[in-house]
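Close look at the chain arrangement
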Amino acid sequence: MDEGNKSSATELLILGFPEVTGYKAIAFFIVLLIVYVLTLIINILVIVLVTIKHQLHSPMYFFLQQLSFVESTFLTLIVPHMLRVIWLEGATISIKGCITQTYLYCASGCTECHLLTVMAYDRYLAICNPLRYNNIMNTKVQRLLVIYCWICGFLLTQITLNFLCQLQFCGPYVINHFFCDLVPFVELTCSKFALQLEIMILSIPIIAIPFILVIVSYICVFITILGISSAKGRQKTFSTCSSHLIVVTVYYGTLITIYMVPADGYTLTINKLIAFLYIVVTPLFNPIIYCLRNQEMRVVLVKLLRRRN
């Protein structure tokens, strides 16, 4: 393809779910809209409860509040346009708009990776070093850690933004996905190997290193828990970190599958399903998991519901 064709297109067509049409598309749209609204309500509820309830003013709940905020932002970056794509059974987006969505999506995802790592560190301190926990994890440190997560998220993915802005696109100008993810860009660019290499390299500081730090933190936590003499004590201590462990397992499992496992082993349809789980399903279930498995959060919710009644 000549140079003129490389730069002629200004828009991309996002296919979404071409196999879902007619009444199925309408039903899918309605379900997704309900899930989106419900997820926002639940996450906003967590943010408000942690803000107004004094008994939830602890580092663990502060980080949970930040996680709910990041996931609400993350979800809002993708789902509204995704709903448009489903409703129209495919929709266009400008190349600049697509690159912007990719950047903000990656930045939010990177921020969440580092925030989950910080939450693992918080559990490590609380369980392995309880006597110094309050001194180390004071309010100033909590805020600095959250600021660090956001700065890392947007600075690391700035490399991706610069790289995407310099790419030449050879077409076809069609993305077989429901949003502007990094992986579908590989099929559009004239420099496929360079983009694949860039994705793999950036996966190291964004996904691999935080994941390793989470594993190290939980190895220390499990060693400490196993050293507790009573079974009741071990169970009670483990319950304080089990919710976070479930969330981390699901989150990193999908991320590693999408960005660090070679795509030859699975189809684009499977890739989209995994991305759907990561983008739509986990932000809904994460706050539910934390609320249902955490006694203090359950108590606050029960009191709130009783007041409403």
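Here, residues in each chain are numbered from 1, in the same order as that chain's written sequence. Predicted model: local features are reported for residues with pLDDT of at least 70 only, side-chain atom pairs are reported and counted for 80 or more only, and whole-chain, interface and lining totals are derived from all residues. To obtain the side-chain values, all non-hydrogen atoms of the structure were used and water was disregarded.

**Description of helix 2 (residues 22–52)**
Put simply, DSSP marks the helices as runs of H or I at least four residues long and the strands as runs of E at least two long, and each gets a number from the N terminus on. Under the convention used throughout, the expected extent of a helix is 1.5 Å for every residue step, that is, one less than its residue count. An ideal rise of 1.5 Å per residue puts 45 Å on 31 residues; helix 2 measures up with 45 Å between its terminal C-alpha atoms. By the burial criterion, the buried members of helix 2 are Ala-25, Phe-29, Leu-32, Val-35, Tyr-36, Thr-39, Leu-40, Ile-42, Asn-43, Val-46, Leu-49 and Val-50. Burial classes: relative accessible area under 20% of the type maximum marks a residue as buried, over 50% as exposed, and values in between as partly exposed (1.4 Å probe, protein chains only).

**Structural notes on the nonpolar core**
Looking at soluble globular proteins, one finds that nonpolar side chains tend to be buried together. One finds Leu-12, Phe-63, Tyr-105, Phe-178, Phe-185, Tyr-259 and Ile-279 to be the most contacted residues of the largest nonpolar core, which totals 93 residues. Broken down by element, the residue count for this core peaks at 16 residues, all from helix 4 (residues 95–128). It only takes one pair of heavy atoms within 4.5 Å for two residues to be counted as in contact. Each residue touching Ile-279, except ones within four places of it in the same chain, is listed here: Phe-74, Leu-75, Ile-78, Tyr-105, Phe-178 and Phe-179. Nonpolar cores are built from buried Ala, Val, Leu, Ile, Met, Phe, Trp, Tyr and Cys residues. Side-chain atoms within 4.5 Å join them into one set.

**Notes on helix 3 (residues 59–88)**
Side chains that are three or four residues apart share a direction in an α-helix, a result of its 3.6 residues per turn. Taking 1.5 Å per residue, 30 residues should reach 44 Å; helix 3 reaches 44 Å between its end C-alpha atoms and fits that length. The largest bend in helix 3 is about 30°, located at Thr-76, with the proline Pro-80 one to four residues further on. In the stretch just after helix 3, Glu-89 is the one whose phi turns positive, near 55°. At any given residue, the bend is defined as the angle formed between two axes, one fitted to the seven residues that end at that position and one fitted to the seven that begin there.

**Section: the UniProt feature "transmembrane region" (unreviewed entry) in the protein**
UniProt positions are given in the numbering used here, feature names are shortened, and annotations may be inferred rather than shown by experiment. As recorded in UniProt, the sites labelled "transmembrane region" (unreviewed entry) are residues 25–52, 145–164, 199–229, 241–261 and 273–292. Helix makes up 100% of residues 25–52 and strand 0%, and the two end C-alpha atoms of the span are 40 Å apart. Along residues 199–229, the helical share is 90% and the strand share 0%, with 46 Å between the first and last C-alpha atoms.

**Structural notes on a nonpolar patch on the surface**
Patch membership requires over 30% relative accessible area and the absence of a salt bridge. Like charges are linked within 9 Å, and nonpolar side chains (Val, Leu, Ile, Met, Phe, Trp, Tyr) within 5 Å. Each accessible area is a Shrake-Rupley estimate made with a 1.4 Å probe; only the visible protein chains count as cover when residues are assessed. Whenever Lys or Arg places a side-chain nitrogen within 4 Å of a carboxyl oxygen from Asp or Glu, that contact is recorded as a salt bridge. Taken together, Tyr-23, Ile-26, Ile-30, Ile-34, Trp-87 and Leu-88 make up a surface patch of nonpolar side chains, about 710 Å² in accessible area. When contributions to the nonpolar patch are tallied by element, the ones reaching two or more residues are helix 2 and helix 3. The element contributing the most residues to the nonpolar patch is helix 2, with 4 residues. Position of Trp-87 relative to the elements: it lies in helix 3.

**Brief notes about the packing of helix 2 against helix 3**
The axes used here are C-alpha line fits, helices contributing only the stretch in contact, and every angle between their N-to-C directions lies in the interval 0 to 180 degrees. For the pair helix 2 and helix 3, interaxial distance at closest approach is 9 Å and the crossing angle is 160°. On the basis of their axis angle, the class for helix 2 and helix 3 is roughly antiparallel. The crossing of helix 2 and helix 3 is left-handed. In the contact of helix 2 with helix 3, the residues fall into 22 nonpolar, 7 polar and 1 charged. Working definition: roughly parallel below 35 degrees, roughly antiparallel above 145 degrees, roughly perpendicular at 65 to 115 degrees, and oblique for all remaining angles. When the near helix sits turned anticlockwise from the far one by under a right angle, the crossing is termed left-handed; a clockwise turn instead gives a right-handed crossing. Polarity classes work like this: nonpolar for Ala, Val, Leu, Ile, Met, Phe, Trp, Tyr, Cys and Pro, charged for Asp, Glu, Lys and Arg, and polar for all others, with Gly in that last group.

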